[in-house]
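Listed here are the chains, written in short residue letters.
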Amino acid sequence: MSSTLFSRRNFLKVSAALAGSYALGSMPKLANAGSHGLTVGFIYVGPKDDFGYNQAHAEGAAAVKLMKGVNVVEEENVAETVDVQKTMESIINFDGAALLFPTSFGYFDPHILEIAPKYPNVRFQHAAGLWLADKHPMNVGSYFGYIGLGQYLNGIVAGHMSNSKKLGFVAAKPIPQVLQNINSYLLGARQVDPAITCQVIFTGEWSLAVKEAEATNALADANCDVITCHVDGPKVVMETAAGRGSYVCGYHANQSPLAPQKYLTGAEWNWSGVYTRMVQTVLDGGAIKNFDRGGLAEGYIKMSPLGPAVSDAARSQFKDTEAEMLRGNFAAYKGPLRDNAGNTILSAGESLVETDISLESMNYLVEGVIGSTS
Amino acid sequence: MTETDLGLWAIPIAILGGAIRVSTPFMFVSLGEVLTERSGRFNLGLEGTLIFGAMTGYAAAYETGSPLIGIMAAAFTGGLFGLFHGIVCSLPRVNDIAIGIALMLLGMGLAFFFGKPYIQPVAPDLPSIEFGWWSVIPQVKAALRVNVLFIIGIFAAIGLWWMFFATRIGLLIRVVGDSTNAARAMGLRPALIRAVATAIGGAFAGIGGAYLSLFYPGSWNEGISSGQGLMAVALVIFARWNPIACVWAAILFGGAGALGPALQSVGLSDGYYLFYAAPYVLTLCVLIFTSSPTRAMTGAPGELSITK
């Protein structure tokens, strides 16, 4: 009770409404919605300049901002709790947003699913959530990119550049997207040398600076000489790994300014293209697909420019594989493939192409990855 | 990088390295809190001071290019926070626990607000001393790369211990902490002594924050602390208000925190969530085994009470 009464947003809302009604009499609350074009709201779980997940989305929002007839509202550091429900309602009611991008994984269930039915005229676009036609409201959509392909390309470069034949991966939590990145990174490296292994360390949280630094040091101690990660803000991992003399591959956004000499390449989101396309669809009066996915070819992800240390052999294999991916239907997972506990995942001749939905419920680490999922 | 596979030796080396790297913020915050609590006052706001110190340290180091100025700025702002706490709490009927919590939230909020433009830039790091020069093993070299602040912290602990138990100033602080009435009877000014002790304690916490942002992990962002400041306050009780014991407690916590990643790096990866809880399990065990049903906490300053 008290938490709803005293929430920052509610306070703002109530006090502004009071002030407004006092000054202007009974002016309708949503008078500004529509008259200045489309208002689009972006909600981030962390700071939008974190060199990571949130920055990637904020770069997309910045591209939307440049479009004509569009207002952008952004809110950072919104927790995956009832906070995000209040933020969404406030952006809808107070700022008049008709299109929302709540970008963090944990916003979907139950928060978006709770708010969306109350506002049928507002479109909720969520990154990563699995929207199901028979279960979820039609004004909710989910979109995501096959960024595992980017980690596969990272792995190819890493495989060429590693002397110790041991790669390192700092991971947050063992959820399917993270496991797929770890596996893809190793499978890419094994295209170069099938003897390469990858050591993974889970930190247990999306953002824990000291633990990420400790994990990176532990990987360097274990002779991992090309390190990448899947945490919210890769800044600490990149700086620590480069400080220990390891090469690094980026994730989420371009981190090359943090370690210009040691940065090989990176798997980046390309939300600018995706978001401007979605907003344009709404401006044109069209409907955004409820379930939207894409990889390199569709412009959902992109690779950081190759760093100065990358060898010619690595460069050419990277370019060849990238060209193959751009033709579409790339399969990183090919049989025979076993997990690191010895169970068969794919038998000879089977393969999983990038669009295969079973990749999104991955719960194993492939053979060659040192680590476990629990 | 030379390749050396250490096998299971990697674990103790990683724990040693982790203890040295991670313990410094714990050490500084708990030393500051020992000083404050010895004068008879709680400062729960040190988490906020730590984070604000991390931000000002990083910002000042980035603007001036000198990590040393960063540390001084962090100590100065930490001292201001402590002084504010000390002065407000010396007013009648002000509860130091409540003020501490308020200042913790204020410190964090201010740090996030002013720290926004400094998330992206890269500030210069603090120098460290290579104590591993004798070794050819890169892991040992890395573990023994000791930051000057760690060494300063140890000397500060010895200095504080000596001050408390061998000098007149130390005696005065302990008298004020043990009994306000006795101190008044002696002609001392308890409010003044407490305010100064709290201010210096805040400066210590600010330096601990500068270590976080300027050396390890070595960057400023809003999730930099993950509760070190609060844990350090608990460490003081764990260390029975003894500065030397604070150093050991800090090192123990640092080393225990390194256990999880170290075990995963040698392939012992099952149940890592459990290893991450090691420092807390350790605290519980030590507190239970050192507890006594017959006597009260030894070393606790008499004026220290949450029901004032």
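Going by the structure above, here's the rest.
This is a predicted model, so every value here is computed, not measured. (Residues numbered from 1 in each chain as written. Chains lettered and ligands numbered in written order. Predicted model: local features only at pLDDT ≥ 70, side-chain atom pairs only at ≥ 80, totals over all residues. Heavy atoms only, no water.)

Participant: Sorry if this is basic, but what is going on with unusual backbone geometry here?
Facilitator: For residues other than glycine, phi is negative in most cases, and the peptide bonds are mostly trans. Put simply, G335 of chain A and P336 of chain A share a cis peptide bond, and its omega is 0°. One can find P336 of chain A in the loop between β13 (333-334) and β14 (337-338). With an omega dihedral of 0°, the bond running from Y216 of chain B to P217 of chain B counts as a cis peptide bond. Residue placement: P217 of chain B occurs in the loop between α9 (190-214) and α10 (228-238). Phi at K165 of chain A is positive, roughly 60°, even though this residue is not glycine. Residue placement: K165 of chain A occurs in the loop between α6 (148-161) and β6 (166-171). Its identity as a non-glycine residue notwithstanding, R240 of chain B has a phi of 55°, on the positive side. Under the relative-accessibility criterion, R240 of chain B is labelled partly exposed at 22%. (Helix = DSSP H or I, 4+ residues; strand = E, 2+ residues; numbered from the N terminus. Buried < 20%, exposed > 50% of the residue type's maximum accessible area, 1.4 Å probe, protein only.)

Participant: Sorry if this is basic, but what is going on with the pairing of strand β9 (residues 247-252) of chain A here?
Facilitator: Residue and element names in this part refer to chain A. The element β9 is largely enclosed, with a buried count of five among its six residues. Strand direction decides the pairing type here: strand β8 (residues 226-230) and β9, joined by two bridges, are parallel. Within the sheet, the bridge partner assigned to I227 lies in β9 and is V248. At this point the chain moves from β8, through helix α9 (residues 235-243), to the parallel β9, and the crossover so formed is right-handed. Sheet topology note: the β9/strand β10 (residues 263-269) ladder contains four bridges and is parallel. Its bridge partner being in β10, V248 is matched across the sheet by Y263. (Pairing = 2+ DSSP bridges. Right-handed = clockwise from strand over helix to strand, strands pointing away.)

Participant: Mind showing me how you'd approach the environment of R315 of chain A here?
Facilitator: All names here are of chain A. Its place among the elements puts R315 in helix α11 (residues 312-326). Exposure remark for R315: the relative accessible area of 33% places this residue in the partly exposed category. Note: C-alpha distance between R315 and E76 (239 residues apart in sequence) is 37 Å. Excluding its chain neighbours within four sequence positions, the residues that come into contact with R315 are L306, G307 and V310. (Contact = heavy atoms within 4.5 Å.)

Participant: Can you walk me through the interface of chain B and chain A in this structure?
Facilitator: On the side of chain A, 45 residues touch chain B, which itself brings 44 residues to the contact. Buried area between chain B and chain A, both sides added, is near 3300 Å², and the carbon and sulfur share of it is 51%. At the boundary of chain B and chain A, one finds two salt bridges. Summed over the shared surface of chain B and chain A, the result is 13 residue pairs in polar contact (both at pLDDT 80 or more). Those elements that place two or more of their residues in the side of chain B that touches chain A are α1 (10-38), α5 (138-143), α11 (243-265) and α12 (272-276) of chain B. The element contributing the most residues to the side of chain B that touches chain A is α11 of chain B, with six residues. The residue makeup of the side of chain B that touches chain A, split by class, is 20 nonpolar, 17 polar and seven charged. (Buried area = accessible area lost by both parts, 1.4 Å probe. Salt bridge = Lys/Arg side-chain N within 4 Å of Asp/Glu carboxyl O. Polar contact = N/O pair within 3.5 Å; in protein donor to acceptor, adjacent residues only side chain to side chain. Nonpolar A, V, L, I, M, F, W, Y, C, P; charged D, E, K, R; others polar.)

Participant: What is the right way to read a nonpolar patch on the surface from this model?
Facilitator: All names here are of chain B. Taken together, the side chains of F76, L80, L83 and I87 present a nonpolar region at the surface, about 390 Å² in accessible area. Of note, L83 is situated in helix α3 (residues 67-89). We classify L83 as partly exposed; its relative accessible area is 35%. (Patch = residues over 30% accessible without salt bridge, like charges linked within 9 Å, V, L, I, M, F, W, Y side chains within 5 Å. Areas by Shrake-Rupley, 256 points an atom, 1.4 Å probe, with all protein chains shown as cover.)

Participant: I would appreciate a short explanation of the sheet that holds strand β4 (residues 123-127) of chain A in the present structure.
Facilitator: Strand pairs in the sheet, formed through backbone hydrogen bonds, run parallel or antiparallel to each other. All names here are of chain A. With parallel pairing, six strands are arranged side by side in an open sheet as β2-β1-β3-β4-β5-β11. Each edge of the sheet is formed by a strand with only one pairing partner; in this case those strands are β2 (70-75) and β11 (291-294). In this sheet, neighbouring strand axes are inclined to one another by 20° on average, regardless of whether the strands run parallel or antiparallel. Alignment of strand β1 (residues 38-43) against β2, held across six bridges, turns out to be parallel. Counted as the bridge partner of T39 is N71 from β2. (Axes fitted to C-alpha atoms, helices over the stretch in contact; angles between N-to-C directions.)

Participant: Hey, could you run me through the sheet that holds strand β17 (residues 369-370) of chain A in this one?
Facilitator: Residue and element names in this part refer to chain A. One open sheet accounts for seven strands, arranged β12-β10-β9-β8-β6-β7-β17; its pairing is mixed. Each edge of the open sheet is held by one strand with a lone partner, namely β12 (301-303) and β17. Direction of pairing for β6 relative to β8: parallel, over a ladder of five bridges. Bridge pairing links F169 to T228 in β8.

Participant: In this structure, what is going on with the packing of aromatic side chains? I would like to understand it.
Facilitator: Any two aromatic rings considered together are summarised by their centre-to-centre distance and by the angle between their planes. Scanning all chains against the criterion turns up 21 aromatic pairs over all chains. With a centroid separation of 5.4 Å and an interplanar angle of 85°, the aromatic rings of Y143 of chain A and W271 of chain A are classed as edge-to-face. Placement of the pair is Y143 of chain A in strand β5 (residues 140-145) and W271 of chain A in helix α10 (residues 271-283), with a sequence separation of 128 residues. With relative accessibility at 0%, the residue Y143 of chain A sits in the buried group. Between the aromatic rings of F26 of chain B and F253 of chain B, the centroid separation amounts to 6.0 Å while the plane-to-plane angle is 70°, which identifies the pairing as edge-to-face. You can see F26 of chain B sitting in helix α1 and its partner F253 of chain B sitting in helix α11, a full 227 residues away along the chain. Neither residue differs from the other here; F26 of chain B and F253 of chain B are each classed as buried. Taken together, the ring pairs in this structure connect F42, F101, Y143, F144, W269, W271, Y275 and Y300 of chain A into an aromatic cluster. The aromatic ring of Y276 of chain B is capped on one face by K211 of chain A, whose charged end is 4.0 Å from the ring centroid. (Phe/Tyr/Trp six-rings, centres within 6.5 Å; stacked < 30°, edge-to-face > 60°. Lys NZ or Arg CZ within 6 Å of the ring centre and 35° of its normal.)

Participant: How should the pattern of salt bridges be read in this particular structure?
Facilitator: Oppositely charged side chains can form a pair if their charged atoms are brought close together. All names here are of chain A. Taken as a whole and judged by the stated rule, the model has 15 salt bridges over all chains. Residues K118 and E89 are paired through a salt bridge, measuring 3.8 Å at the closest nitrogen-oxygen approach. Pair noted here: K118 is in the loop between α5 (108-115) and β4 and E89 is in helix α4 (residues 82-93), with a separation of 29 residues, a long-range link. For E89, a relative accessible area of 18% gives the class buried. Among the salt bridges present, the one from R277 reaches D292, with a minimum N-O distance of 3.9 Å. Separated by 15 residues along the polypeptide, R277 in helix α10 and D292 in strand β11 bring together distant segments of the chain. Connected through shared salt-bridge partners, K48, K65 and E74 make up one network.

Without other data, these values stay purely geometric and don't point to any function.
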